[in-house]
Amino acid sequence: LKTRPNPFMTPSIFWNAVEMNRNHYGNAYVYIRRKFVRKKYGGTLKVLDLWVMQSNCTQIVVDDAGYFGGVGRIWYVYTDPTSGKQYVLSTDEVLHFKTSHSLDGITGLPVQKILQETVNGAAASQGYLNEMYESGLTAKAVLEYTAEMSAEKKKKLVDSFLEFGGGAKNTGKIIPVPTGMKL
């Protein structure tokens, strides 16, 4: 196994395939093919070779009902892409490599999704900051008045406040408040 994990791959090609699957799909799976070597009393399992399982053909099943022989155990269902045959493998037969980002602790998130969420978060933050700068880094204001005003007069009053107090260009300027009103 140190020189060839299987007859078709060198160690560098093998680990490159594992890493590519892990990064692209969030998970990489390796099937451990073993053989039982009988001895006088019992025996041992000898690892024959390691095979990369295509991540898009592997499904993780948590057996919460005990269908496969153990309640709460994890099983891997691998569907051979060429024959369509399905294999159910236990955690003893599969090495599972996942990214460091996981929502359930069992499966990893693809690096592309992690980066997409990071970029989307950064874009939303930047949009928020841009709006703050455009408003002159000021909060909304409440204008208190006691008289009745028509909609047209209210609009003129708001427009005059925006002229003196809205936007980054008016930051730090004094806003004139009409007599009888409080800002």
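Residues numbered from 1 in each chain as written. Predicted model: local features only at pLDDT ≥ 70, side-chain atom pairs only at ≥ 80, totals over all residues. Heavy atoms only, no water.

*Asks:* Could you give me a rundown of the sheet that holds strand β1 (residues 27–38), with the residues and numbers involved?
*Replies:* Ordered by their spatial adjacency, three strands build an open sheet running β2-β1-β6, and the pairing between neighbours is antiparallel. Sheet topology places β2 (43–53) and β6 (94–98) at the edges, where each strand pairs with a single neighbour. Looking at each pair of strands side by side, their axes are set apart by 25° on average, direction ignored. As paired elements, β1 and β2 share 10 bridges and run antiparallel to each other. The residue of β2 that forms the bridge with tyrosine 29 is methionine 53. Contacts between helix α1 (residues 11–25) and the sheet are confined to β1, β2 and β6, with β1 contributing the most and set at about 135° to the helix. (Pairing = 2+ DSSP bridges. Helix = DSSP H or I, 4+ residues; strand = E, 2+ residues; numbered from the N terminus. Axes fitted to C-alpha atoms, helices over the stretch in contact; angles between N-to-C directions. Contact = heavy atoms within 4.5 Å.)

*Asks:* Tell me about the pairing of strand β5 (residues 86–90), and please be specific about residues and values.
*Replies:* Two elements, strand β4 (residues 73–79) and β5, share five bridges in a ladder whose sense is antiparallel. Paired with tyrosine 76 across the bridge in β5 is leucine 89. Hairpin connection, β4 to β5: the antiparallel pair is bridged by six residues, and glycine 84 has positive phi, about 80°.

*Asks:* Could you give an account of the nonpolar core, naming the residues involved and the relevant values?
*Replies:* Counting residues in hydrophobic clusters, the biggest one holds eight residues: Tyr29, Met53, Cys57, Ile60, Tyr76, Tyr78, Leu89 and Val94. Apart from the residues within four sequence positions on either side, cysteine 57 is in contact with Val77, Tyr78, Thr79 and Pro81. In this structure, Phe14, Ala28, Val30 and Ile32 belong to the second largest nonpolar core, which totals six residues. (Core = buried A, V, L, I, M, F, W, Y, C linked by side-chain atoms within 4.5 Å. Buried < 20%, exposed > 50% of the residue type's maximum accessible area, 1.4 Å probe, protein only.)

*Asks:* Outline α1, supporting the account with residue identities and numerical values.
*Replies:* Side chains that are three or four residues apart share a direction in an α-helix, a result of its 3.6 residues per turn. In this model, α1 (15 residues) spans 21 Å end to end at C-alpha, consistent with the 21 Å of a helix rising 1.5 Å per residue. For α1, the full list of buried residues reads Phe14, Ala17, Val18, Asn21 and Arg22. All buried residues of α1 lie within an arc of 130° about the axis, which places them on one face of the element. Among the exposed residues of α1, those oriented more than 90 degrees off its buried face are Ser12 and Met20. In the core, the buried residues of α1 are packed alongside β1, β2 and β6. (Expected span 1.5 Å × (residues − 1). Arc of directions from axis to C-beta.)

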